[in-house]
Amino acid sequence: MLNSVYQLISPKIISIKYQDISFEDEVLVRPDYLALCHADQRYYQGKRDAKVLRKKLPMALIHEGCGTVLYDPTHTFQPGEKVIMIPNVLSTDREDEIFENYRKGSAFLSSGRDGFMREFVNLKPDRLVPYKEIEGKIAAITEFVSVGMHGVNRFSKLAHSYKERIGVWGDGSLAFVVSSILKYRFPASKICVMGKNADKLNQFSFADEIHLIDDLTDGFTVDHAFECAGGEGSAYAIDDIIRFINPQGVVALMGVSEAKVPINTRDILEKGLVFVGCSRSGREDFENAVDFMKDKKIQNRLNSIIYETEPVEKLLDIHRVFSVDMNTNFKTVFQWKI
Amino acid sequence: MVFGAILAGGTGTRMGLDKPKQFLMLGEKPIIIHTVEKFLLCQELDQIFVGVHPDWMIYTEDLLAKYIHTDKKVILVAGGKDRNETIFNIVERIEEMYGESEEHILVTHDSVRPFVTLRMLHDNIEAAKKYGACDTVVAAIDTIVVSEDGEVIKDIPNRKNMFQGQTPQSFNMSMLKKLYYELSIEEKEILTDACKICVVRGVSVKLVRGEISNIKITTVDDMKMAQAML
């Protein structure tokens, strides 16, 4: 079957690769809605290290999306069924204990392998999670929500039971999703969100407390914390967390930083803190995310961080989407009609 | 209902080969198989028909059995002496199987355009439902010159108004049938393009955006180009 794959060949240059694919044991899915991630934008803008770009390009971007099953030779899905696509390529190394997203030998679509910017996507049936009753543009960000699910899941396995106050550092999309999940999973806890931008913080209407980072004073405390700032904000966020967290708290690190971050290890040792790094997610997290997103209230909440831009119908529209995303505070999603 | 009509009635004389060009290998499959696969993937098409030269029916049947393993079946129909005859052989078969209907849509396509996309098929079906007829085109890149004797230019039309026709071409089937059977024998000889039948009878044909990649593989150079694209 001939497929058109829309590959980034160098920063801001996209070219179509035609690929003859075989699909005896794979499901063919037509992407309906796709969502941009900061990682895609960094590749597109050429903001990754030159060595990384040389190694990973050309490749199709985008790893967040939902679609419709066109054909399934394995008969796991019916044509027309709506599915979320999981971008992890599985390895079975130590699969009894290690999460699929951290296993040696695992790969990720849109990081060295073609992502979802294709006419259709061929995936093994276990890389698809069916969904119903979720609007397409919201279902598009399921991968993003699953990353939050994964972070919260790991946190809940490690954290002591005193969870009166959970702090989330960051005021972007990741912080929004993580806070929403925390509010849902730990209704008795107070969810406190710390950020730099008052407008963005006001979007967190469900949070119990919102604080500008400059307003935090010595009396402020949290039992556990999530670092969702990423980038240049990581160092400041981690420093704040170490300062304000109670002893033996768990700190989930979820924001991505291109630069190395200095950490005050003396206070980590003194407080006996647990740091856990979280990135990406696995099938279980996708399933949990779909369950979570079935709730209409949650869908409405997630809708507030989604900016739907015009559909992509031709190659030039891809450039428009990346340009629009540069001026959007939250998640950019679009229909894939190319 | 919506029907796909893949036209493979040619005998490949332009390539000077022993086999019609639609049966040549592109990658690991014959060209026609790539085209059929894309049609089978389009959920909006209820049934796919392939019009084949009578001499190549058995060969095509063997190829389909070898490469296509879907539950959806492809029906072969013997082609006619020209493109429109092949289309109307398919129309007849559709009506034998599904009866006549004002609602039937027919998506016709060259078997030697394997780079057709799902988007083009979708846009064709939508346009045929809405407008009755549509043609897939790309804006002309080269300047088009008109010459009636092949010796001197008679006119150079504004390039902005020039498009190159591709396929699919899609129609409301009963409308196309009515127009075709109204043509005289002489008109049928001249009007070998189904969209042209609509145009000369004053029926608007909606333009659907094609792609430059949707090439028609008719010469050895086209074949080289298609192989290079993969």
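Residues numbered from 1 in each chain as written. Chains lettered and ligands numbered in written order. Predicted model: local features only at pLDDT ≥ 70, side-chain atom pairs only at ≥ 80, totals over all residues.

(A) Geometry of the overall build of chain B. Summing up its helical and strand segments, chain B has eight helices and nine strands in all. The C-alpha radius of gyration of chain B comes to 17 Å, within 12% of the 17 Å expected for a compact globule of 230 residues. When the backbone C-alpha atoms are referred to their principal axes, chain B occupies close to 50 × 45 × 35 Å. Counting all 230 residues of chain B, 40% fall into the buried class. Put simply, of all contacts in chain B between residues at least 6 apart along the chain, 72% involve residues at least 24 apart. (Helix = DSSP H or I, 4+ residues; strand = E, 2+ residues; numbered from the N terminus. Rg over C-alpha atoms; globule rule 2.2 N^0.38 Å. Buried ≥ 20, exposed ≤ 12 C-beta atoms within 10 Å, placed from the backbone. Contact = placed C-beta atoms within 7 Å.)

(B) How the structure looks around the pairing of strand β4 (residues 47–52) of chain B. All names here are of chain B. Burial of β4 is extensive: five of the six residues sit out of reach of the surface. Pairing geometry for strand β1 (residues 2–8) and β4, over six bridges, is parallel. In the sheet register, Gly 4 faces β4, and the bridge partner there is Ile 48. What joins β4 to strand β5 (residues 74–78) is helix α2 (residues 57–67), and the crossover it makes is right-handed. (Pairing = 2+ DSSP bridges. Right-handed = clockwise from strand over helix to strand, strands pointing away.)

(C) Structural detail: the environment of Thr 60 of chain B. Residues and elements named next belong to chain B. With respect to the helices, strands and loops of the structure, Thr 60 is situated in helix α2. According to the C-beta neighbour criterion, Thr 60 is buried, with 23 such atoms within 10 Å. For the pair Thr 60 and Gly 165, spaced 105 residues apart in the sequence, the C-alpha separation amounts to 27 Å. Beyond its immediate stretch of four places on either side in the chain, Thr 60 contacts Val 50, Val 52 and Leu 76.

(D) Inspection of the sheet that holds strand β1 (residues 2–10) of chain A at higher detail. All names here are of chain A. Across the sheet, three strands lie side by side as β2-β1-β4; this open sheet has antiparallel pairing. For this open sheet the edge positions go to β2 (13–20) and β4 (59–60), each flanked by a neighbour on one side alone. Relative to β2, β1 runs antiparallel, the two sharing eight bridges. Residue Tyr 6 lies in a different strand from β2, and its bridge partner there is Ile 16.

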